[in-house]
Amino acid sequence: MKIALDADGVLFDFQTSWRLCAERVLGWALPLCGEHYDLGQRYGLTKAETDKVWTTWNATSGWLRAHPIESGMQAARMALDFGHEVYVVTCLPNTQAAEERRRAMDR
């Protein structure tokens, strides 16, 4: 059986990892302002603040450092152990991000 798993929210806790990066960069705790896809809107940030966080995220290999979700990783391992084909799907902004995500998966 072929199984597709989304990287963000299933295997990696991107949202928390990005928020923690943003809090370090900006120097304050970010309140959740809604379930918006756009992270600036989600946390009530200006475009300049969001850009600053993304610049730091990319410069510090944020995609590689995103926290794994252990239960998702265990599910993927179980599926592989049972002989299923597991595919990880994600939408990444560039090839650097894709390479970092591959390295995180290898870890």
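Structure: above.
Residues numbered from 1 in each chain as written. Predicted model: local features only at pLDDT ≥ 70, side-chain atom pairs only at ≥ 80, totals over all residues. Heavy atoms only, no water.

Draft legend 1. How the structure looks around the overall build of the protein chain. Per the secondary structure count, the protein chain includes six helices and four strands. Traced from its N-terminal end to its C-terminal end, the protein chain shows the element sequence β-β-α-α-α-α-β-α-β-α. Along the first, second and third principal axes, the C-alpha atoms of the protein chain reach 45 × 25 × 20 Å. Relative to its 107 residues, the protein chain shows a buried fraction of 31%. When contacts within the protein chain are restricted to residue pairs at least 6 apart in sequence, those whose partners lie at least 24 apart make up 71%. For the protein chain, the exposed surface amounts to about 6700 Å²; the carbon and sulfur share of it is 57%. (Helix = DSSP H or I, 4+ residues; strand = E, 2+ residues; numbered from the N terminus. Buried < 20%, exposed > 50% of the residue type's maximum accessible area, 1.4 Å probe, protein only. Contact = heavy atoms within 4.5 Å. Areas by Shrake-Rupley, 256 points an atom, 1.4 Å probe, with all protein chains shown as cover.)

Draft legend 2. Here's a closer look at helix H3 (residues 47-59). Along its 13 residues, H3 runs 18 Å from first to last C-alpha, staying within 8% of the 18 Å computed at 1.5 Å per residue. All of the buried residues in H3 are Thr 50, Val 53 and Trp 57. For H3, the angular spread of the buried residues around the axis is 65 degrees, confining them to a single face. Seen from the buried face of H3, the exposed residues on the opposite side, beyond 90 degrees, are Lys 47, Ala 48, Thr 55 and Ala 59. Residues of H3 that are buried make contact with helix H1 (14-26), helix H2 (39-42) and helix H4 (62-65). With its phi angle positive at about 55 degrees, Ser 61 sits one or two positions after the end of H3. (Expected span 1.5 Å × (residues − 1). Arc of directions from axis to C-beta.)

Draft legend 3. Examining the pattern of salt bridges more closely. Inspection of the entire model under this criterion finds five salt bridges. The shortest N-O distance in the salt bridge between Arg 19 and Glu 23 comes to 3.2 Å. With Arg 19 and Glu 23 both in helix H1, this residue pair falls four residues apart, about one helical turn. Assessed through its relative accessible area of 23%, Arg 19 is described here as partly exposed. (Salt bridge = Lys/Arg side-chain N within 4 Å of Asp/Glu carboxyl O.)

Draft legend 4. Spatial organisation of the packing of aromatic side chains. Counted under the stated rule, the structure contains eight aromatic pairs. Taking 6.1 Å as the distance between ring centres and 20 degrees as the angle between the ring planes, the aromatic pair formed by Phe 14 and Trp 54 counts as stacked. Here Phe 14, found in helix H1, pairs with Trp 54, found in helix H3; they are 40 residues apart in sequence, far enough to count as distant. A residue is classified by how much of its surface remains accessible, and Phe 14, at 13% relative accessible area, is buried. Ring geometry for Trp 57 and Trp 63: centres 5.7 Å apart, planes at 85 degrees, overall edge-to-face. Taken together, the ring pairs connect Phe 14, Trp 18, Tyr 43, Trp 54, Trp 57 and Trp 63 into an aromatic cluster. (Phe/Tyr/Trp six-rings, centres within 6.5 Å; stacked < 30°, edge-to-face > 60°.)

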